Amino acid sequence: MQVVGISASVVVGTLLLIALWALRRRLHARELELERKAQELAASRASSLRLGEELAEARRAEEEARRARDEAVTASRSKSAFLANMSHELRTPLNSILGFAQLVERDPSLGDRHRENLAVICKSGEHLLGLVNDILEMAKIEAGRMTLVDAEFDLHDTLSGLSEMFAVEAQKRGLTLTVEREQDVPRHVSGDEGKLRQVLINLLGNALKFTPRGSVTLRASARRATGVREGGTHDGAAAGRVRVSFEVTDTGRGMAKAELAELFEAFAQTATGRQSREGTGLGLHISRRIVRMMGGDIRVESQVGRGTTLRFDVRLSLADAPDARAGGATRHPAALRAVGLSPGQPRYRVLVVDDRWDVRHCLLKLLDSVGVEARSATNGLGAVAQWETWSPHLVLLDLRMPLLDGYEAASRIKASARGHETVVVAMTASAFEQNRALAAEAGCDDFVSKPFRDADILGLLTKHLGARFEYEERAAEPGAAQGAQAVDLARAAAGLPAALRKDLRRAATRLDAKAVQATLDRFRPEDADLAGAVAELARGYRFDSILALSSADEEEPS
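Summary of the structure given here. For clarity, every value in this text was computed on a predicted model and none was experimentally measured.

Rules of the game
- Residues numbered from 1 in each chain as written.
- Predicted model: local features only at pLDDT ≥ 70, side-chain atom pairs only at ≥ 80, totals over all residues.
- Heavy atoms only, no water.
- Helix = DSSP H or I, 4+ residues; strand = E, 2+ residues; numbered from the N terminus.
- Contact = heavy atoms within 4.5 Å.
- Phe/Tyr/Trp six-rings, centres within 6.5 Å; stacked < 30°, edge-to-face > 60°.
- Buried < 20%, exposed > 50% of the residue type's maximum accessible area, 1.4 Å probe, protein only.
- Lys NZ or Arg CZ within 6 Å of the ring centre and 35° of its normal.
- Pairing = 2+ DSSP bridges.
- Axes fitted to C-alpha atoms, helices over the stretch in contact; angles between N-to-C directions.
- Polar contact = N/O pair within 3.5 Å; in protein donor to acceptor, adjacent residues only side chain to side chain.
- Arc of directions from axis to C-beta.
- Core = buried A, V, L, I, M, F, W, Y, C linked by side-chain atoms within 4.5 Å.

1. Describing the overall build of the protein
Reasoning step 1: On a plain count of helices and strands, the protein comes out with 20 helices and 14 strands.
Reasoning step 2: A separation threshold of at least 6 residues defines the contact pool for the protein, and within that pool the share at least 24 residues apart is 73%.

2. Things to note about unusual backbone geometry
Reasoning step 1: Not every positive phi belongs to a glycine, and Ser-391 is a case in point at roughly 55°.
Reasoning step 2: Its location among the elements puts Ser-391 in the loop between helix H10 (380-390) and strand E11 (394-398).
Reasoning step 3: Of note, the phi angle at Leu-403 is positive, near 65°, even though the residue is not glycine.
Reasoning step 4: If you trace the backbone, Leu-403 turns up in the loop between E11 and helix H11 (406-414).

3. Regarding the packing of aromatic side chains
The geometry of an aromatic ring pair is captured by two quantities: the separation of the ring centres and the angle between the planes.
Reasoning step 1: Here the structure, examined in full by the defined rule, presents one aromatic pair.
Reasoning step 2: Residues Phe-246 and Phe-312 carry aromatic rings whose centres are separated by 5.1 Å and whose planes lie at 25° to one another, so their mutual orientation is stacked. Note that Phe-246 is positioned in strand E5 (residues 241-250) and Phe-312 in strand E7 (residues 307-318), a separation of 66 residues in sequence. No difference in accessibility class separates Phe-246 from Phe-312, as the two residues are buried.
Reasoning step 3: Taking NZ or CZ as reference, Arg-418 lies 4.2 Å from the ring centre of Trp-387, over its face.

4. Some words on the sheet that holds strand E10 (residues 373-377)
Reasoning step 1: What the five strands build is an open sheet, ordered E10-E9-E11-E12-E13; its pairing is parallel. Edge strands, defined here as strands with exactly one partner in the open sheet, are E10 and strand E13 (446-449). Each neighbouring strand pair of the sheet contributes to a mean axis angle of 20°, computed without reference to strand direction.
Reasoning step 2: Sheet topology places E11 next to strand E12 (residues 423-428); five bridges connect them, and they run parallel. Counterpart to Leu-394 in the pairing with E12 is Val-423.
Reasoning step 3: Sheet contacts for H11: E11 and E12; angle to E11, the most-contacted strand, approximately 155°.
Reasoning step 4: Where helix H14 (residues 454-465) meets the sheet, its contacts fall on strand E9 (349-353), E11, E12 and E13, and the angle it forms with E11 comes to roughly 135°.

5. Regarding the environment of Gln-183
Reasoning step 1: On the secondary structure map, Gln-183 appears in the loop between strand E2 (176-181) and strand E3 (188-191).
Reasoning step 2: The spacing of Gln-183 and Ser-221 is 38 residues in sequence and 7.8 Å in space, taken between C-alpha atoms.

6. Some words on the side chain of Thr-519
Reasoning step 1: Along the chain, the position of Thr-519 falls in helix H18 (residues 513-523).
Reasoning step 2: Every residue in contact with Thr-519, bar those within four places of it in the chain, is listed here: Leu-500, Asp-503 and Leu-504.

7. Some words on the side chain of Thr-462
Reasoning step 1: Residue position: Thr-462 is located in helix H14.
Reasoning step 2: For Thr-462, the side chain forms a polar contact with the main-chain oxygen of Ala-467, separated by 3.0 Å.

8. What to know about H11
Reasoning step 1: Residues of H11 that are buried: Gly-406, Ala-409, Ala-410, Ile-413 and Lys-414. Buried residues along H11 cover an arc of 125° about the axis, so they all sit on one side.
Reasoning step 2: N-capping of H11 is provided by Asp-405, with a side-chain oxygen placed 3.2 Å from the backbone N of Tyr-407.

9. Points about the nonpolar core
Reasoning step 1: Residues Leu-196, Phe-246 and Phe-312 are the most contacted members of the largest nonpolar core, which totals 34 residues.
Reasoning step 2: Those elements that provide at least two residues to this core are helix H3 (155-172), helix H4 (193-209), strand E4 (215-224), E5, helix H8 (283-293) and E7.
Reasoning step 3: Looking at this core element by element, the count peaks at seven residues for H4.
Reasoning step 4: Ignoring sequence-local partners within four residues, the contact set of Phe-312 consists of Leu-196, Val-199, Leu-200, Leu-203, Val-244, Ser-245, Phe-246, Val-291, Asp-297, Ile-298 and Arg-299.
Reasoning step 5: Counting residues in hydrophobic clusters, the runner-up holds 27 residues, among them Leu-103, Val-359, Leu-366 and Ala-467.

10. Remarks on the pairing of E3
Reasoning step 1: Burial along E3 is one-sided: the residues Val-189 and Gly-191 are buried and none of His-188 and Ser-190 is.
Reasoning step 2: Pairing of strand E1 (residues 151-154) with E3 involves four bridges; the strand directions are antiparallel. Across the sheet, Asp-154 pairs through a bridge with His-188, a residue of E3.
Reasoning step 3: The sheet contact formed by E3 and E7 spans two bridges and is antiparallel. Note that in E7 the partner of Ser-190 across the bridge is Ser-317.

11. Quick look at H18
Note: α-helices contain 3.6 residues per turn, so residues at a spacing of three or four share the same orientation.
Reasoning step 1: Restricting attention to buried positions, one finds in H18 the residues Ala-515, Val-516, Thr-519, Leu-520 and Phe-523. Along H18, the residues classed as buried sweep out an arc of 140° about the axis, all on the same side.

Printed below as a string of structure tokens:
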């Protein structure tokens, strides 16, 4: 029994040890699990801290982005305001310079010498205006403010106008200018005529500038949309569209392939362009942006010594032919000066509204010179008062004026039934096309940008009132008469020794009339006719013509 009792004690002890060992293992496992959970909790807390830090960083980044966005919007508004102010401040004095030069040019007693001097002033003013426009267009592109303004226009007249515009310049340089229009080019279309003209003027101007001899040709062709989509379905909207292609080809110096890659970059100029010391290097860059906005692109082909061809196409819409006004207005070249209204017309009344005396005075003198009765006002309040008492047929209304601006004045005039019978034309020196849309919303019937030309103002009277004008008869423009002899003069100048041509070119570049005369005296005994012709150019300050003659045979590398 004693042995049995000892055995039972051993068994119980052993069982207790086993139970304790099992309990310890369970406790140890529990401790490990608790430790693991503690580690997971610590990791979770660390992750939460990191997440909190990331959220805080994201909030800071979002706040910085918001501040940067606000600063960008503010900067854009400031830039737009600066652009609008600069446009007004630059264009307004240019309007006076060009306007008064045209007024003086209308004086029939003006001598040929003074008329030639005025032509130099006008040309320089136009050149300055072109530079200003290039800079402003570039600023509008950067600010994202360039827009297209669609309106119906006569494409054939646009091409004819370009031919007339550059004809004298081509003759003066001894070049042949040809404008070819294929039969499929529609006459009446809808699009942004101003932007299209800007591109064509830039391309033609460059071609004439960099072509010492030969020809410049503008070709236009068209391809009408069929209105059939892929799969045979009909697209009625596309059927009213047309793609017009333009090509400007010259026989100038051409460009090397290395220059073509950066031809359309802003402020980039070819070697020929740098030698000419003209322009800003923005013309082609702006032209490409405009063409792309109009649904096309510009392509260039050029060979050194053989010339350059620039091609582009734009999308336009077909338009119905406008109804002809009674009597039908006859289109006259801009070179002819209107001297008065044609017989049998009413006495037209025009109200000129502008806060600047020079603008009012210039327009009043112009209108009076052609027999149109004109009055003026200095602000919108005066405009409304004059309209109520005088009942003008047409109001030329500046948009930016004190007391009451042009937008509000137009709205007040157009608010009555009688006001709808009055033609209101907005005038502005601003660079933004959005002013045109705002003026139309205010009730304005048309829009003219400063600086404007005589033909622009008289064209408004013809367009809206049906006014017809008598034009002076000119046997030939002095510039055209000189241009007819330009080829012979260029050939004669090409026969001069290289040293004389170089000295003559240097003197013309410096605009030094005395140096030109000194050079002429060196070859006057051998060729008195050529010396006399060049001396006449110098007396008329036509240094550009002298430079063209003295450089006519220079094939400088591009």
